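Spelled out, the chains give:
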Amino acid sequence: QVQLVESGGGLVQAGGSLKLSCAASGNIFRINAMGWYRQGPGNERELIAVMRSDGSTNYADAMKGRFTISRDNTETTVYLQMNGLKPEDSAVYYCKIEATTRSLGPPFPYWGQGTQVTVSS
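Residues numbered from 1 in each chain as written. Predicted model: local features only at pLDDT ≥ 70, side-chain atom pairs only at ≥ 80, totals over all residues. Heavy atoms only, no water.

1. Section: the layout of surface pockets
Put simply, the test is: Here a cavity means grid points, on a 1 Å grid over the protein atoms only, where a 1.4 Å probe fits yet cannot get out; a pocket means an open set of points with protein on both sides within 12 Å along at least five of seven lines; lining residues are those with an atom within 4 Å of a point. Grid points are joined across faces, edges and corners, and a volume is the space filled by probe spheres set on the points. Each helix corresponds to a stretch of at least 4 residues labelled H or I by DSSP, and each strand to a stretch of at least 2 residues labelled E; elements are numbered beginning at the N terminus. Three classes are used, and their members are as follows: Ala, Val, Leu, Ile, Met, Phe, Trp, Tyr, Cys and Pro are nonpolar, Asp, Glu, Lys and Arg are charged, and the others, Gly among them, are polar.
Here the largest pocket defines a volume of roughly 160 Å³. Along the wall of the largest pocket there are 14 residues; nearest its centre are I28, R30, I31, E75 and T76. When residues of the lining of the largest pocket are traced back to their parent elements, those giving at least two are β3 (18-26), β4 (30-39) and β5 (46-52). Considering each element in turn, the lining of the largest pocket owes the most residues, five residues, to β4. For the lining of the largest pocket, a count of residues per class yields six nonpolar, four polar and four charged.

2. Brief notes about the nonpolar core
Going by this rule: We define the nonpolar core as a collection of buried residues of types Ala, Val, Leu, Ile, Met, Phe, Trp, Tyr and Cys that are connected through side-chain atoms lying within 4.5 Å of one another. Categorising residues by exposure relies on relative accessible area from a 1.4 Å probe, with only protein chains included: less than 20% of the type maximum marks a residue as buried, more than 50% marks it as exposed, and the intermediate range marks it as partly exposed.
Within the largest apolar cluster, 29 residues are counted, with the highest numbers of intra-cluster contacts made by W36, I48, F67, L80, M82, Y93 and I97. Those elements giving two or more residues to this core turn out to be β1 (2-7), β3, β4, β5, β7 (67-71), β8 (77-82), β9 (91-100) and β11 (115-120).

In structure tokens:
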């Protein structure tokens, strides 16, 4: 079993900052990638940023420059620092890892439970 526990969401005024955390645990052999997504009401889930196992990152254009993805030294916790938040950033934010649970097994995606971010104007 793989568990992803998210924290850090909440209510913030426009222009403010939040830092989200996502801790992975359980039967993980190797994490190939870690990332953040968000989904507003009535919208499709969209990519924010991803970090691969070598530390390389990619960002959606809309978030680049305001959001920063990082991980801890154990490479089991991924963070999303969000600065200059706008009302249109309001959404449920999800972390996701792509991981294998055994040495020769295929990778599968695992999702966190989601954390609500609400940005007031």
